[in-house]
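# Overview (structure and organization)
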Amino acid sequence: ILKLFVTAAALEMLGPGHKFTTRVYVDGNISNGTLTGSLYVRGGGDPSFGSNLIEGAPRAQAEFGKWAQALEAAGINKISGSVIADDSLFEGPALPGSWAWEDIGNYYAAQPTAVAVNDNLYKLYLKPGDKVGARAEVLRTEPKIEGVDFNNLMRTGPEGSGDNGYIFNFPEQYSATLRGTIPKGPAEFAIKGAIPAPALFLAREFTAYLVRSGINVAGGPAGIKDGKDYGALKFIAETEGAPLKDVVFVTNKRSFNLYAEMLLRQLALAKGMPGTADNGLGVLREYLAGNGVDVSELKLADASGLSRLNMVTVAGFTAFLGRISKKKFFGAYLASLPYPADPAATGHIKRMGANTRLEGLLKIKSGSLNGVRGYAGYLTTKKGKLLTFTSIINNYTAPAAEIDRLHEAVLLELIEKY
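Residues numbered from 1 in each chain as written. Predicted model: local features only at pLDDT ≥ 70, side-chain atom pairs only at ≥ 80, totals over all residues. Heavy atoms only, no water.

### Topic: the nonpolar core
Leu284, Leu288, Phe320, Ile324 and Tyr333 are the most contacted members of the largest nonpolar core, which totals 51 residues. Of all the elements in the fold, those that place two or more residues in this core are α1 (3-14), α4 (244-253), α5 (257-270), α6 (277-289), α7 (314-324), α8 (330-335) and β16 (372-380). Ignoring anything within four residues of it in the chain, the contact list for tyrosine 333 reads Leu4, Thr7, Ala8, Leu11, Phe320, Leu321, Ile324 and Tyr378. Core analysis: the next-biggest nonpolar cluster, separate from the first, contains 44 residues, Val24, Phe64, Leu202 and Ala203 among them. (Core = buried A, V, L, I, M, F, W, Y, C linked by side-chain atoms within 4.5 Å. Buried < 20%, exposed > 50% of the residue type's maximum accessible area, 1.4 Å probe, protein only. Helix = DSSP H or I, 4+ residues; strand = E, 2+ residues; numbered from the N terminus. Contact = heavy atoms within 4.5 Å.)

So this is what it looks like as structure tokens:
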């Protein structure tokens with residue numbers, strides 16, 4: 001539920017219609033169809049580029065085609081140097097040190113990057129063994145992640161046991177360890193991992209596209225984090241991302257950690273500061289202080305809620321939601337919250353309130369870690385009053401489904417009481 005903070009701040013500071021931009025430049029002389037130099041893709045921190053989750057997001061292959069056409073229009077059919085993706089807009093450590101080692105390497109802990117593509121994730125397909133406990137075989141990745149080596153300790157679990165597999169891998173590293181189980185039964189089963197180096201991945205993909213299109217690239221693709229002075233470079237093309245409201249929609253509906261962490265860094269940039277997580281947290285803390293949150297009770301380690309060091313009171317959270325309900329952007333914000341039987345939501349929360357009086361009255365964001373369950377949102381009562389609510393339960397021992405039913409019962413009572 002911590003994502004409700006950063007998405008509100010982004011909507012207010014940048015505006016629901018704001019779009020992040022990816023730009024393409026060439027560095028060098030152009031003569032007789034040859035660029036004597038390299039091509040640069042300058043990342044603007046757009047979460048939507050190549051996304052499979054955001055409706056209307058720019059598709060990578062389609063944008064590659066537009067960039068290639070722009071190169072041809074500039075008279076370029078050969079590049080003596082390389083395709084280089086510039087990932088320098090976001091600075092500092094990619095991930096908080098308090099994120100669990102078990103999470104890092106999996107898609108939900110993908111590193112926030114200024115050059116993002118395909119939601120910074122890939123699918124790893126495995127073949128389950130014939131017996132429970134048998135080794136599961138690695139088949140392929142989609143898209144292909146060149147150079148990654150899997151130390152495969154994945155086993156086969158009982159039929160119907162679901163995805164209990166984990167990919168252990170640090171950002172920028174290509175030696176991953178697989179642990180856990182995938183279910184017996186299907187011919188193949190996919191789990192999702194974090195692309196180790198998204199900028200390098202994009203540079204490789206665009207290089208391959210150019211070669212297929214007849215534009216020869218002599219040098220190998222690369223990703224850089226040191227930055228580049230673009231003052232003297234020739235601008236070639238740009239891609240506008242999806243509107244911010246669409247990014248926020250997916251961030252909250254699907255509780256997508258990557259987008260929350262990217263937006264955090266955009267908050268710092270919006271204030272004219274380097275795009276670090278620490279700067280973003282400082283901006284977010286100031287925003288919360290101005291919107292009903294007692295920040296003396298607040299501890300923030302990230303924007304997505306994946307760190308167990310995050311601490312917030314439900315009183316502060318509920319006061320914040322009340323303030324946000326009076327903002328101009330509230331319509332876009334409210335639309336991003338799941339509702340009963342919401343087809344755009346994922347996980348347990350879409351079932352809460354389904355086939356009850358809560359349908360049409362409840363907008364709710366949930367979040368969970370092992371032993372932690374959080375709920376926050378808005379409820380319209382029988383009398384038409386808009387209530388804000390927050391609940392966080394730590395170290396519970398009951399089954400999670402019972403915790404959900406308890407909250408559903410409380411919300412149904414609130415409809416009648418107010």
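There's plenty left to go through after this.
### Considerations on the packing of α1 against α6
It is the contact of α1 with α6, at a shortest axis distance of 10 Å, that shows an interaxial angle of 85 degrees. By the angle between their axes, α1 is roughly perpendicular relative to α6. In this structure, α1 contributes Phe5, Val6, Ala8, Ala9, Glu12 and Met13 to the contact, and α6 contributes Val283, Leu284, Tyr287 and Leu288. Residues that form the contact of α1 with α6 fall into these classes: nine nonpolar, no polar and one charged. (Axes fitted to C-alpha atoms, helices over the stretch in contact; angles between N-to-C directions. Parallel < 35°, antiparallel > 145°, perpendicular 65-115°, else oblique. Nonpolar A, V, L, I, M, F, W, Y, C, P; charged D, E, K, R; others polar.)

### Looking at the packing of aromatic side chains
Taken as a whole, this structure holds 18 aromatic pairs when the rule is applied. Each ring, one from tyrosine 25 and one from tyrosine 230, has its centre 4.7 Å from the other, and the planes form 45 degrees; the classification is tilted. Of the two residues, tyrosine 25 is situated in strand β1 (residues 21-31) and tyrosine 230 in the loop between β13 (222-224) and β14 (234-240); the sequence distance between them amounts to 205 residues. A single burial state applies to tyrosine 25 and to tyrosine 230, both of which are buried. Centroid distance phenylalanine 49 to tryptophan 67: 5.7 Å. Interplanar angle 15 degrees. Geometry classified as stacked. Of this pair, phenylalanine 49 sits in the loop between β2 (34-42) and α2 (60-73) while tryptophan 67 sits in helix α2, and the two are 18 residues apart along the sequence. Like phenylalanine 49, the residue tryptophan 67 is buried in the burial classification. Geometry around tyrosine 125 places arginine 140 over its ring, the cationic atom sitting 4.1 Å from the centre. Above the face of the tyrosine 107 ring, lysine 192 is positioned so that its terminal group lies 4.2 Å from the ring centre. (Phe/Tyr/Trp six-rings, centres within 6.5 Å; stacked < 30°, edge-to-face > 60°. Lys NZ or Arg CZ within 6 Å of the ring centre and 35° of its normal.)

### Notes on helix α9 (residues 400-417)
Relative to the 26 Å expected for 18 residues at 1.5 Å per residue, α9 spans 26 Å between its end C-alpha atoms, a close match to the ideal helical length. The inward-facing, buried residues of α9 abut β15 (362-369), β16 and β17 (386-394). (Expected span 1.5 Å × (residues − 1).)

### Things to note about the sheet that holds strand β5 (residues 121-127)
Neighbouring strands of a sheet are bound in pairs by backbone hydrogen bonds; such pairs are parallel or else antiparallel. Within the open sheet, the three strands sit side by side as β6-β5-β11. Their pairing is antiparallel. Two strands close off the open sheet at either side, each with one partner strand: β6 (137-142) and β11 (189-194). Across this sheet, the average inter-strand angle for adjacent strands is 30 degrees, counted without regard to direction. Of the strand pairs in this sheet, β5 and β6 are connected by five bridges, and their pairing is antiparallel. (Pairing = 2+ DSSP bridges.)

### Describing the pattern of salt bridges
Close approach of charged atoms lets side chains of opposite charge pair. Taken as a whole and assessed by the stated rule, the structure comprises 16 salt bridges. Between arginine 23 and glutamate 238 there is a salt bridge; the shortest N-O distance is 3.1 Å. Taken together, the positions of arginine 23 in strand β1 and glutamate 238 in strand β14 put the pair 215 residues apart, joining distant regions of the chain. Two residues, aspartate 87 and lysine 225, come together in a salt bridge whose shortest N-O distance is 2.8 Å. In this pair, aspartate 87 sits in the loop between β4 (83-86) and β5 while lysine 225 sits in the loop between β13 and β14, placing the two residues 138 residues apart along the sequence. Relative accessible area serves as the criterion here: at 47%, lysine 225 is assigned to the partly exposed category. Through salt bridges that share partners, Asp87, Glu172 and Lys225 make up one connected network. (Salt bridge = Lys/Arg side-chain N within 4 Å of Asp/Glu carboxyl O.)

### So, the environment of aspartate 149
Structurally, aspartate 149 is set in strand β7 (residues 149-152). Those residues in contact with aspartate 149, other than ones at most four positions away along the chain, are Tyr174, Ser175 and Ala176.

### Looking at unusual backbone geometry
With omega at -10 degrees, the peptide bond leading from glutamate 142 into proline 143 counts as cis. Mapped onto the fold, proline 143 is located in the loop between β6 and β7. Positive phi values are uncommon outside glycine, yet aspartate 119 reaches one of about 60 degrees. Relative to the assigned elements, aspartate 119 resides in the loop between β4 and β5. One non-glycine residue, glutamate 172, lies in the positive phi region at around 70 degrees. Turning to its location among the elements, glutamate 172 is positioned in the loop between β9 (164-168) and β10 (175-183). Given a relative accessible area of 37%, glutamate 172 falls into the partly exposed group.

### With respect to the pairing of β10
Bridge count for β7 against β10 is four bridges, and the pairing is parallel. Bridge pairing in β10 links asparagine 151 to threonine 177. Here three bridges tie strand β8 (residues 155-157) to β10, and the two strands are oriented parallel to one another. Directly across from threonine 156, in β10, lies its bridge partner isoleucine 182. Two elements, β9 and β10, share five bridges in a ladder whose sense is antiparallel.

### Observations concerning the packing of α4 against α5
Following both chains from N to C, one finds α4 and α5 inclined at 135 degrees, their axes separated by 8 Å at the closest point. Between α4 and α5, the crossing angle belongs to the class labelled oblique. α4 and α5 meet at a crossing whose hand is left-handed. Counting all contacts with α4, which are made through Leu244, Val247, Val248, Val250 and Thr251, the residues of α5 involved are Tyr259, Ala260 and Leu263. Residues that form the contact of α4 with α5 fall into these classes: seven nonpolar, one polar and no charged. (Left-handed = near helix turned anticlockwise from the far one by under 90°.)

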